[in-house]
Amino acid sequence: MRTIAIMNLKGGVGKTVSALNLADALQRAGKRTLLVDCDGQASLTRFYFPDLDPDGVPTVADVLAGTHDPYWENNTIPISDCIDLLPASSALYGLDVAAIRSGGKGLSALRDFRDAVAGDGERDYMIFDCPPGFTAASIAALMAADEVVIPMLVDGFSIWGVSDMAAQINGIAAANPRIRVAGVLITQWHNSDVVRQGEQLLRSLSVPVFRTVIRRTDKVPESTFDRTPIMGYSPRSAASADYCSWVSEYLHEEVRNGQV
């Protein structure tokens, strides 16, 4: 099972959109995916289940606290035949303080959960949608992940921070030797001088950058209101084609636009 963390220290760069559209693309390629919402804002969870009561179901917070059901599948919610979700809740915010007070105990909980899922052989991919910053949940995800994808906008702040973030992720290799930065995914790309120049600068750094970029289109925010992945909402849009191309580049999985 391949385990991927979608992370950036900045918010608003397309982490959740990339996570859910990656899972949808993998479904179209016949792959089975477990999504893990590690953000206390629970945007990924609300995308699929807007009326979900987090107090009534197991969440990532329960896994980190060790209060979840011993059998991993009893903690997840089916989204489709090929996608399941381990949801988030606002309880994750309290765990950040708890992790500091406990000296980091519990940060290997998602790795143990990953091992349980992988041991069953029922899922091909596990995707962690991480919050901005190094929280208890995002560190636990990095401890469990094989690879990190860094979505980012092309601006000065992002470019200054991406090398630092890559260095911090590489530093986690002492605790998780499997982890590596898979690449930076440029999102909301548009044809302007500043974006082209920023992209050129980014590609000159010592951080891997995917060839594929995700072009800016209003269809992406529209799809979030509709709570439908972009390939289902607007299969002919630029972003839909770009996410298909990115998945093919990154995971070597051929993905079709439109409905399966």
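Everything here concerns the structure above.
The rules behind each value
- Residues numbered from 1 in each chain as written.
- Predicted model: local features only at pLDDT ≥ 70, side-chain atom pairs only at ≥ 80, totals over all residues.
- Heavy atoms only, no water.
- Helix = DSSP H or I, 4+ residues; strand = E, 2+ residues; numbered from the N terminus.
- Rg over C-alpha atoms; globule rule 2.2 N^0.38 Å.
- Buried < 20%, exposed > 50% of the residue type's maximum accessible area, 1.4 Å probe, protein only.
- Contact = heavy atoms within 4.5 Å.
- Salt bridge = Lys/Arg side-chain N within 4 Å of Asp/Glu carboxyl O.
- Pairing = 2+ DSSP bridges.
- Axes fitted to C-alpha atoms, helices over the stretch in contact; angles between N-to-C directions.
- 1 Å grid on protein atoms, 1.4 Å probe; cavity = no way out; pocket = protein on both sides within 12 Å on 5 of 7 lines; lining within 4 Å.
- Points joined across faces, edges and corners; volume = space filled by probe spheres on them.
- Nonpolar A, V, L, I, M, F, W, Y, C, P; charged D, E, K, R; others polar.

For the rest of this paragraph, the subject is the overall build of the protein chain. Helix and strand content of the protein chain: eleven helices and seven strands. Computed over C-alpha atoms, the radius of gyration of the protein chain comes to 17 Å, within 12% of the 18 Å expected from 2.2 N^0.38 for 260 residues, which places it in the range of a compact globule. Dimensions along the principal axes, computed over C-alpha positions, put the protein chain at roughly 50 × 40 × 30 Å. Classification of the 260 residues of the protein chain by burial places 52% in the buried group. Counted over contacts in the protein chain with a minimum sequence separation of 6, partners at least 24 positions apart contribute 78%.

What follows is about the pattern of salt bridges. If the charged atoms of two oppositely charged side chains come close together, the side chains can form a pair. The full count for this structure, using the stated rule, is 14 salt bridges. Two residues, arginine 178 and aspartate 146, come together in a salt bridge whose shortest N-O distance is 2.6 Å. One end of the pair, arginine 178, is in the loop between helix H7 (156-171) and strand S7 (180-186); the other, aspartate 146, is in the loop between helix H6 (136-144) and strand S6 (147-152), and 32 residues separate them in sequence.

The next subject is the side chain of glutamate 199. Position of glutamate 199 relative to the elements: it lies in helix H8 (residues 193-203). The class for glutamate 199 is buried, based on a relative accessible area of 14%. In contact with glutamate 199, other than residues within four places in its own chain, are Val154, Ile186, Trp189 and Val213.

Time to look at the sheet that holds strand S5 (residues 125-129). Overall, mixed pairing links the seven strands, which are arranged S3-S4-S2-S5-S1-S6-S7 in an open sheet. Looking along the sheet, the strands with just one partner apiece sit at the ends: strand S3 (77-78) and S7. Here two bridges tie S3 to strand S4 (residues 83-86), and the two strands are oriented antiparallel to one another. In the strand pairing of S4, proline 78 is matched with aspartate 84. Across the face of the sheet, H7 comes into contact with S6 and S7 while running at roughly 170° to S6. In the packing of helix H11 (residues 238-251) onto the sheet, contacts are made with strand S1 (2-6), S5, S6 and S7, and the angle to S1 comes to roughly 130°.

It is worth spelling out the layout of surface pockets at this point. Its boundaries defined by the atoms lining it, the largest pocket holds a volume of some 560 Å³. Lining the largest pocket we find 27 residues, and of these Gly14, Lys15, Thr16, Val17 and Thr224 sit closest to its centre. Looking at the lining of the largest pocket, the element that brings in the most residues is helix H1 (residues 15-28), giving four residues. Tallied by class, the residues present in the lining of the largest pocket amount to ten nonpolar, ten polar and seven charged.

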